[in-house]
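# Per-entry structural report
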Amino acid sequence: MSTDVILRVDGLGKTFRKPFSGRKVEAVKGISLEVSRSEIFGFLGPNGAGKTTTIKMLTGLIAPTKGSATLFGMPVPSPDAMGKVGFLPENPYVYPYLTPREFVELCGQLNGVTGAKLKARVNICLERVGVMYAADRGVRTLSKGMLQRVGFAAALVHEPELLILDEPMSGLDPVGRKEIRDLIVEERDAGRTVFFSSHILSDVELLCDRVTILRKGEVVVAGALRDLLKTDVRRSEIVLTGVTPELEATLRGLGVTLTNRGVQQHFEVEGEASLRDVLQRALAAGANVEGVTPKRETLEAVFVRQAL
């Protein structure tokens, strides 16, 4: 991964004033972060944490109250910098009386793509996001998931260097989520940079090189995923069959937790030494070991601990 920083945020903050009451609401409280070229950067936080407000400031849709941000070394907002950015908002608005082909062509033209190259890029992007079969239907007839795909195609059409994606998997089914995940990885492998927010933590854990987690407008966690997630095994799940009441009582006496009772019984064990002892006792008592699964810390655990 290159150390070339293409997005830098320094003390960026936004305060809104509520109508009628005039009360100030500090939505973003001075956050700082850096995004390097050719990485996938996850921007996380619970609802109301300030993610979308931050993205709107980065794309020039609203002005910050304090702090600064640069894209490709140019201050935000900058038309030259935004020409290198592909943006997918959380709820993309696609003109309802256009077709997906017409809308993506329009977005390409607005970004300076014309002629035969534009037509080729439109076809490539619609095919990549999986809506080529509906390219000439009215947009108003499409589902939310299909609209999300059309918005993604519009973000890709001018071959941007940086993709800023706000909840890109919103409205997609599991197959669609996988296809978009694969597309994000393909873009990174092609040398592009991806900055995206998401509530789907499993997707973030699969995709991202680094993450920043916001809470109430402030950064509470930031760093490489490999550093944030503890790789040591602290707990293991053992699945047993043929467990007698006597064996169950013995395992409970060892501090083992029964998490699911049925034909297969699921036990949770703390520590590797306890795991070996439990397995030895289960086999000696005639039980069958159907599976042993190590439980490592997940991004969800980090998120819940730090962001809620």
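Residues numbered from 1 in each chain as written. Predicted model: local features only at pLDDT ≥ 70, side-chain atom pairs only at ≥ 80, totals over all residues. Heavy atoms only, no water.

## Quick word on the overall build of the protein chain
To keep things clear, this is the line we draw: In this description a helix means any DSSP run of H or I spanning at least four residues, a strand means any run of E spanning at least two, and both kinds are numbered starting from the N terminus. In this description the radius of gyration comes from C-alpha coordinates, and the expected globular size is given by 2.2 Å times residues to the power 0.38. Each residue is assigned to one of three classes by its accessible area relative to the maximum for its type, calculated with a 1.4 Å probe on protein chains only: buried under 20%, partly exposed between the two thresholds, exposed over 50%.
Counting its secondary structure elements, the protein chain contains 11 helices and 14 strands. Whereas a compact globule of 308 residues would reach a radius of gyration of roughly 19 Å, the protein chain reaches 24 Å, over 25% beyond that. The dimensions of the protein chain, computed from C-alpha atoms along their principal axes, are 75 × 50 × 45 Å. Counting across all 308 residues of the protein chain, residues that qualify as buried make up 44%.

## Here's the deal with the pattern of salt bridges
What counts here: Counted as salt bridges are all cases of a side-chain nitrogen of Lys or Arg within 4 Å of a carboxyl oxygen of Asp or Glu.
Throughout the structure, instances matching the rule amount to 21 salt bridges. Residues Arg121 and Glu159 are paired through a salt bridge, measuring 4.0 Å at the closest nitrogen-oxygen approach. Pair noted here: Arg121 is in helix H4 (residues 115-129) and Glu159 is in the loop between helix H5 (144-156) and strand E7 (162-166), with a separation of 38 residues, a long-range link. Residue Arg128 is joined to Glu186 by a salt bridge in which the shortest nitrogen-to-oxygen separation is 3.0 Å. Placement of Arg128 in helix H4 and of Glu186 in helix H6 (residues 174-189) is noted, with a sequence separation of 58 residues between them. One continuous salt-bridge network, built from bridges that share partners, spans Lys117, Arg121, Arg128, Glu159, Glu186, Glu187 and Arg192.

## Quick look at the sheet that holds strand E1 (residues 5-17)
Heads up, the condition is: Pairing between strands is defined by DSSP: at least two bridges between the two strands are required. Working rule for contacts: check all heavy atoms of both residues, and any pair within 4.5 Å makes them a contact. Simply put, an axis is a line fit to the C-alpha atoms, just over the touching stretch for a helix, and the angle between two N-to-C directions goes from 0 to 180 degrees.
Strand order in the open sheet made by the four strands is E2-E1-E4-E5, with antiparallel pairing throughout. Pairing within the sheet leaves two strands with one partner each, and these edge strands are strand E2 (24-36) and strand E5 (74-75). Lying over the sheet, helix H1 (residues 51-58) contacts E1, E2 and strand E4 (66-71), oriented at roughly 115° with respect to E1.

## Quick look at the sheet that holds strand E13 (residues 265-270)
Reading across the sheet, the four strands line up as E12-E13-E11-E14 and stay open at both edges, with antiparallel pairing between neighbours. Each edge of the sheet is formed by a strand with only one pairing partner; in this case those strands are strand E12 (257-260) and strand E14 (288-295). Here the average twist between neighbouring strands, direction ignored, is 30°. Pairing of E12 with E13, which is carried by three bridges, proceeds in the antiparallel orientation. Bridge pairing in E13 places Thr257 opposite Glu268. This element, helix H10 (residues 272-284), spans strand E11 (235-241), E13 and E14 of the sheet and lies at about 5° to E11.

## Comments concerning the packing of helix H3 (residues 100-110) against H4
Our working rule: Orientation is classified from the angle alone, with under 35 degrees giving roughly parallel, over 145 giving roughly antiparallel, 65 to 115 giving roughly perpendicular, and any other angle giving oblique. Two helices that cross are described as forming a left-handed crossing if the nearer one is turned anticlockwise from the farther one by less than a right angle, and a right-handed crossing if clockwise.
H4 packs onto H3 with a crossing angle of 125° between their chain directions and a minimal axis gap of 10 Å. Of the possible angle classes, the one that applies to H3 and H4 is oblique. At the point where H3 passes H4, the crossing takes the right-handed sense. Between H3 and H4, the contacting residues are Pro100, Arg101, Val104, Glu105, Gly108 and Gln109 on the first element and Leu118, Lys119, Val122, Asn123 and Leu126 on the second.

## Looking at the packing of aromatic side chains
Filter applied, for reference: Note on aromatic contacts: the rings of Phe and Tyr and the six-membered ring of Trp form a pair at centre separations within 6.5 Å, being stacked when their planes are under 30 degrees apart, edge-to-face when over 60 apart, and tilted otherwise.
Summed over the entire model, instances satisfying the criterion amount to four aromatic pairs. Seen from their ring centres, Phe43 and Phe195 are 5.2 Å apart, and the 35° between their planes marks the pair as tilted. Note that Phe43 is positioned in strand E3 (residues 40-44) and Phe195 in strand E8 (residues 193-197), a separation of 152 residues in sequence. Judged on exposure class, the residue Phe43 and its partner Phe195 are both buried. An angle of 65° between the planes, with centres 6.2 Å apart, marks the rings of Tyr95 and Phe103 as edge-to-face. With a relative accessible area of 44%, Tyr95 lands in the partly exposed category. The class for Phe103 is buried, based on a relative accessible area of 8%.

## Regarding the nonpolar core
The following threshold applies: In plain words, nonpolar cores are sets of buried Ala, Val, Leu, Ile, Met, Phe, Trp, Tyr and Cys residues tied together by side-chain atoms within 4.5 Å.
With 48 residues, the main nonpolar core has Leu44, Phe152, Leu165, Ile184 and Phe196 as its most contacted residues. With seven residues, H5 is the largest single contributor of residues to this core. Discounting chain neighbours no more than four positions away, the residues touching Ile184 are Ile40, Phe152, Leu165, Met169, Val194 and Leu207. Judged by nonpolar contacts, the second largest core, of 24 residues, contains Leu33, Leu58, Ala69 and Phe72.

## Points about the environment of Val94
Inspection of the secondary structure puts Val94 in the loop between strand E6 (85-88) and H3. For the pair formed by Val94 and Tyr133, sequence separation is 39 residues and the distance between their alpha carbons is 18 Å. Other than its neighbours up to four places away in sequence, Val94 contacts Phe103, Val139, Leu147 and Val150.

## Some remarks on H3
Given 3.6 residues per helical turn, the α-helix brings residues three or four places apart onto the same face. Within H3, burial applies to Pro100, Phe103, Val104, Glu105, Cys107 and Gly108. As for H3, its buried residues are in contact with H4 and H5. Positive phi appears at Gly112, one or two residues downstream of H3, with a value of about 85°.

## Let's talk about the environment of Gly30
The topology assignment puts Gly30 in strand E2. Among the residues examined, Gly30 registers a relative accessible area of 31% and is labelled partly exposed. C-alpha separation for the pair Gly30 and Asn288, spaced 258 residues apart in sequence, amounts to 56 Å.

Read these as spatial facts, not as claims about activity.
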